Amino acid sequence: MSEEPKRRLADRLGMSPTVISESTRIVGDIETRGPLMVSGHVQGNGKIGGTLSVGKSAQWEGDITARQGVIAGNVVGKIVIEDKLEISASSVISGEIVAKILAIANGA
């Protein structure tokens, strides 16, 4: 029996992600080789080697570079994505977006 294809980036994170929970606030730059899941607040720049997932409750103030991304929260800053960026309907982005592939949900 074959496995269903994993179309959404959130389903294809691969390795164990670094997690910043809702109750966490980070002030400073973040750099990780793998995926990063953010539900809290980040104030600083980010360099993510894997997939970035910014949850509905998350806030990020600073520039971000990542391999892939799924944004559902608030981002203030420039976002540079090497491959695909998915922007959910709940997201609010104030800044420049650079991505090879861009998917924007209605209402974003």
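The structure we're discussing is the one just above.
Note that this is a predicted model, so its numbers are computed, not measured.

S.K.: Sorry, what's going on with the nonpolar core here?
M.R.: Across soluble globular proteins, you tend to see nonpolar side chains buried next to one another. Counting 18 residues, the largest nonpolar core has Leu-36, Val-38, Leu-52, Trp-60 and Val-75 as the members making the most contacts within it. Secondary structure elements with two or more residues in this core: strand E4 (36-38), strand E6 (46-54), strand E8 (64-71) and strand E10 (79-87). The biggest single contributor to this core is E10, with four residues. With residues near it in sequence (within four places) discarded, Trp-60 still touches Ile-30, Leu-36, Val-38, Val-42, Gly-44, Asn-45, Gly-46, Ile-48, Leu-52, Asn-74, Val-75 and Val-76.

S.K.: Sorry, what's going on with the environment of Ala-103 here?
M.R.: If you trace the backbone, Ala-103 turns up in strand E12 (residues 97-104). When residues no more than four places from it in sequence are discounted, the contact partners of Ala-103 are Lys-84, Leu-85, Glu-86 and Ile-87.

S.K.: Looking at this structure, how should I read the sheet that holds strand E11 (residues 92-94)?
M.R.: Within a sheet, each strand pairs with its neighbour through backbone hydrogen bonds, oriented either parallel or antiparallel. With parallel pairing, the five strands of this open sheet are ordered in space as E2-E5-E7-E9-E11. The open sheet terminates on both sides in strands that have one partner only, identified here as strand E2 (25-27) and E11. Taken over all neighbouring pairs, the strand axes of this sheet differ in orientation by 5° on average, direction set aside. Here strand E7 (residues 59-61) runs beside strand E9 (residues 74-76); their pairing, made up of three bridges, is parallel. Within E9, the position partnered with Trp-60 by the bridge is Val-75.

S.K.: Would you mind showing me how to read the pairing of E6 here?
M.R.: Successive residues of a regular strand alternate their side chains across the two faces of the sheet. Burial analysis of E6 places seven of its nine residues in the buried class, which makes it a mostly covered element. Here strand E3 (residues 30-32) pairs with E6 via three bridges, running parallel. Counted as the bridge partner of Glu-31 is Lys-47 from E6. With three bridges connecting them, E4 and E6 associate as parallel partners. Bridged to Val-38 within E6 is Val-54. Direction of pairing for E6 relative to E8: parallel, over a ladder of seven bridges. By the bridge assignment for E8, Ser-53 is matched with Val-70.

S.K.: Please explain a nonpolar patch on the surface as it appears in this structure.
M.R.: Nonpolar side chains collect at one region of the surface, where Ile-97, Leu-102 and Ile-104 lie side by side and expose about 260 Å² of accessible area between them. Topologically, Ile-97 is positioned in strand E12.

S.K.: I tried to follow the pattern of salt bridges on my own but got confused; where do I start?
M.R.: Evaluation of the coordinates by the stated rule reveals two salt bridges. Between Glu-96 and Lys-78 there is a salt bridge; the shortest N-O distance is 4.0 Å. A residue pair is termed long-range when its members are at least 10 positions apart, and Glu-96 in the loop between E11 and E12 and Lys-78 in the loop between E9 and E10 qualify at 18 residues. Lys-78 gets classed as partly exposed once you look at its relative accessible area, which sits at 34%. Linking Lys-84 and Glu-86 is a salt bridge whose minimum nitrogen-to-oxygen distance equals 3.7 Å. Overall, the relative accessible area of 11% leaves Glu-86 in the buried class.

Each value, and the rule that gives it
- Residues numbered from 1 in each chain as written.
- Predicted model: local features only at pLDDT ≥ 70, side-chain atom pairs only at ≥ 80, totals over all residues.
- Heavy atoms only, no water.
- Core = buried A, V, L, I, M, F, W, Y, C linked by side-chain atoms within 4.5 Å.
- Buried < 20%, exposed > 50% of the residue type's maximum accessible area, 1.4 Å probe, protein only.
- Helix = DSSP H or I, 4+ residues; strand = E, 2+ residues; numbered from the N terminus.
- Contact = heavy atoms within 4.5 Å.
- Pairing = 2+ DSSP bridges.
- Axes fitted to C-alpha atoms, helices over the stretch in contact; angles between N-to-C directions.
- Patch = residues over 30% accessible without salt bridge, like charges linked within 9 Å, V, L, I, M, F, W, Y side chains within 5 Å.
- Areas by Shrake-Rupley, 256 points an atom, 1.4 Å probe, with all protein chains shown as cover.
- Salt bridge = Lys/Arg side-chain N within 4 Å of Asp/Glu carboxyl O.

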